Amino acid sequence: MKKILIAILIIVLAAAAIYAGYLLRKRIGGETGEPSGGGLPGGGLSGGGAGSFPTSTASGPGGGGVAGGVEAPKLQFADEVAGFYLRGEDDFVYARPDGKIFSWQAGTATELSTSTFAGLTRADFSYDGKKVLAAYENRIAVFDLNTRGWRALPDGAFGAAWSPTSYEAAYLLTKTWGESLAVLDFSKNNTSPRELAVSSFKDSVIEWPSPGIIMIRERSSVAYRATLWRFDLKSKTLLLVREVLGLDSSWSYASNGLVFESNVSRRGGTVSLVSANGRKIKDLELITLPSAKCASIFWPAEHASSTNNPGWLCGIPLNGEDFAIAALPDAYFMKSLYAADDLYFVNATDGEITLLASVSSNWFDVTKPALWGNKIYFVSRFDNKLYSLEL
């Protein structure tokens, strides 16, 4: 009995010490632990303490890059941003987390939709920015910027994504015998859904990287394996691409993907360049979570050896050692881990990595990156606000 009491006492003391450390870190970073601007939440990065980062190098994780972006990123406006579309330099359409939609031009915001939605989780724009797909409280609806009207997807729809070239949206819908993959055309009123396939797509999300291919990724965790499927719109066939721990991905217009998978140790993970058929092209010397921190782009000629280089604009953590020991992707998506990112271009053909701008010293956790001309835009996860950076 005495041994049991001693063991309990040791556990209580250890828990008290851990909690005291947590309070101390929180106090160092501010009473709320939340940022006032684009900076780091107190204690948000594990392993280094507040303000303790290694120095960025020009070569970057893949070598061969040159640093750009000598100026600090600029805050575009005060609103928080759930999603945005670039119509030109400093010319946006954006959705706020409360569901309201605005345009921003020449420093002036114009309200386009006064509707508000509790629990808005994402806002994705069509290929030309004229329609907005808003997901909230297990519902999905589309806003038309021209008519200023809303149209809902069928009740229970989830995981939706726009076509890269049209106003069609693909989505999943639970039925008694499985999940249906369907497409609805929003270019006309009163169109009916077109069912493409039925399978087991529980808790999945869609990417539509090129006109003929739809990717369906099961939401994953470090605790279990998840599946990634490719649906060929021409042959109407499904192909299992990957089945791995901690699955996360982003797909390029070239139909190659950046695929993250957790290690067997369930700490850290590997990012690979993978073909749409599932063939691993190359393991990359970086760690990031592609769905949150990368965006498919064509890199313009002035920044590339050839025109229209397909690839990704990515935020890649300088504090990669923190990611290497974290339970990914869970730790990042549950916000127990934050990133101090630099900005890179990852070539979708050969996996070559180029450092574009070193902003990690400003403590920006990059999400939703985008490119217009010589300027990069991104939303910082620390404050959900939109920033820009001249290259």
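Residues numbered from 1 in each chain as written. Predicted model: local features only at pLDDT ≥ 70, side-chain atom pairs only at ≥ 80, totals over all residues. Heavy atoms only, no water.

1. Quick word on the sheet that holds strand 26 (residues 366-372)
Reading across the sheet, the four strands line up as 1-28-27-26 and stay open at both edges, with antiparallel pairing between neighbours. The open sheet is flanked by strand 1 (74-80) and strand 26, the only strands paired with a single partner. Geometrically, the sheet is characterised by an average inter-axis angle of 20° between neighbouring strands, direction not taken into account. Of the strand pairs in this sheet, strand 26 and strand 27 (residues 375-380) are connected by five bridges, and their pairing is antiparallel. Paired with Ala370 across the two strands is Tyr377, which belongs to strand 27. (Pairing = 2+ DSSP bridges. Helix = DSSP H or I, 4+ residues; strand = E, 2+ residues; numbered from the N terminus. Axes fitted to C-alpha atoms, helices over the stretch in contact; angles between N-to-C directions.)

2. Observations regarding the pairing of strand 25 (residues 353-357)
Among the five residues that make up strand 25, four are buried, leaving the element largely enclosed by the rest of the structure. Here strand 24 (residues 341-347) folds back onto strand 25, and the loop between the two strands holds five residues, one of which, Gly351, carries a positive phi near 80°. (Buried < 20%, exposed > 50% of the residue type's maximum accessible area, 1.4 Å probe, protein only.)

3. Quick word on the environment of Pro317
Assignment of secondary structure puts Pro317 in strand 23 (residues 309-317). Taking the relative accessible area as the measure of exposure, Pro317 reaches 7% and is therefore buried. Note: C-alpha distance between Pro317 and Ala340 (23 residues apart in sequence) is 5.2 Å. If we skip the residues at most four places from it in the chain, Pro317 touches Ile287, Thr288, Lys293, Phe323, Ala339, Ala340 and Asp341. (Contact = heavy atoms within 4.5 Å.)

4. Observations regarding the packing of aromatic side chains
According to the stated counting rule, one finds 18 aromatic pairs in the structure shown. Their ring planes at 50° and their centres at 4.8 Å tell us that Phe77 and Trp104 sit as a pair that is tilted. With Phe77 in strand 1 and Trp104 in strand 4 (residues 101-105), this pair connects stretches of sequence that are 27 residues apart. Note on Phe77: relative accessible area 6%, which makes it buried. Of the residues examined, Trp104 reaches a relative accessible area of 14% and is grouped as buried. Centroid distance Phe92 to Tyr377: 5.3 Å. Interplanar angle 80°. Geometry classified as edge-to-face. You can see Phe92 sitting in strand 3 (residues 91-95) and its partner Tyr377 sitting in strand 27, a full 285 residues away along the chain. Three or more aromatic residues joined by ring pairs make a cluster, and in this case those are Phe77, Phe84, Phe92, Tyr94, Phe102, Trp104 and Tyr377. If you follow Arg381 out to its NZ or CZ, it ends over the ring of Tyr332, 3.6 Å from the centre. Its guanidinium or amino end placed over the ring of Tyr338, Arg381 lies 4.4 Å from that ring's centre, counting from NZ or CZ. (Phe/Tyr/Trp six-rings, centres within 6.5 Å; stacked < 30°, edge-to-face > 60°. Lys NZ or Arg CZ within 6 Å of the ring centre and 35° of its normal.)

5. Quick notes on the pairing of strand 12 (residues 178-185)
Counting buried positions along strand 12 yields seven of eight residues, so the element is predominantly enclosed. As defined by bridge partners, strand 11 (residues 168-175) adjoins strand 12 across eight bridges and the pair is classed as antiparallel. What sits directly across from Thr174, in strand 12, is Glu179. The antiparallel pairing of strand 11 with strand 12 creates a hairpin that spans two residues between the two strands. The pairing of strand 12 with strand 13 (residues 194-199) spans five bridges and is antiparallel. Note that in strand 13 the partner of Ala182 across the bridge is Glu195.

6. Things to note about the sheet that holds strand 12
Read across the sheet, four strands follow the order 10-11-12-13 without closing on themselves; strand pairing throughout is antiparallel. In this open sheet, the two strands that pair with only one neighbour each are strand 10 (157-162) and strand 13. If you compare each strand with its neighbour and ignore which way they point, the axes differ by 20° on average.

7. A closer look at the state of the cysteines
The tally for this structure, following the rule as stated, stands at one disulfide. Here Cys294 pairs with Cys314 through a disulfide, and the sulfurs are 2.1 Å apart. Negative torsions about the S-S bond denote left-handed disulfides, and the value of about 115° found for Cys294 with Cys314 makes this one right-handed. Taken as a pair, Cys294 in strand 22 (residues 294-299) and Cys314 in strand 23 lie far apart in primary sequence, 20 residues in all. Residues Cys294 and Cys314 agree in their burial class; the two are buried. (Disulfide = S-S within 2.5 Å.)

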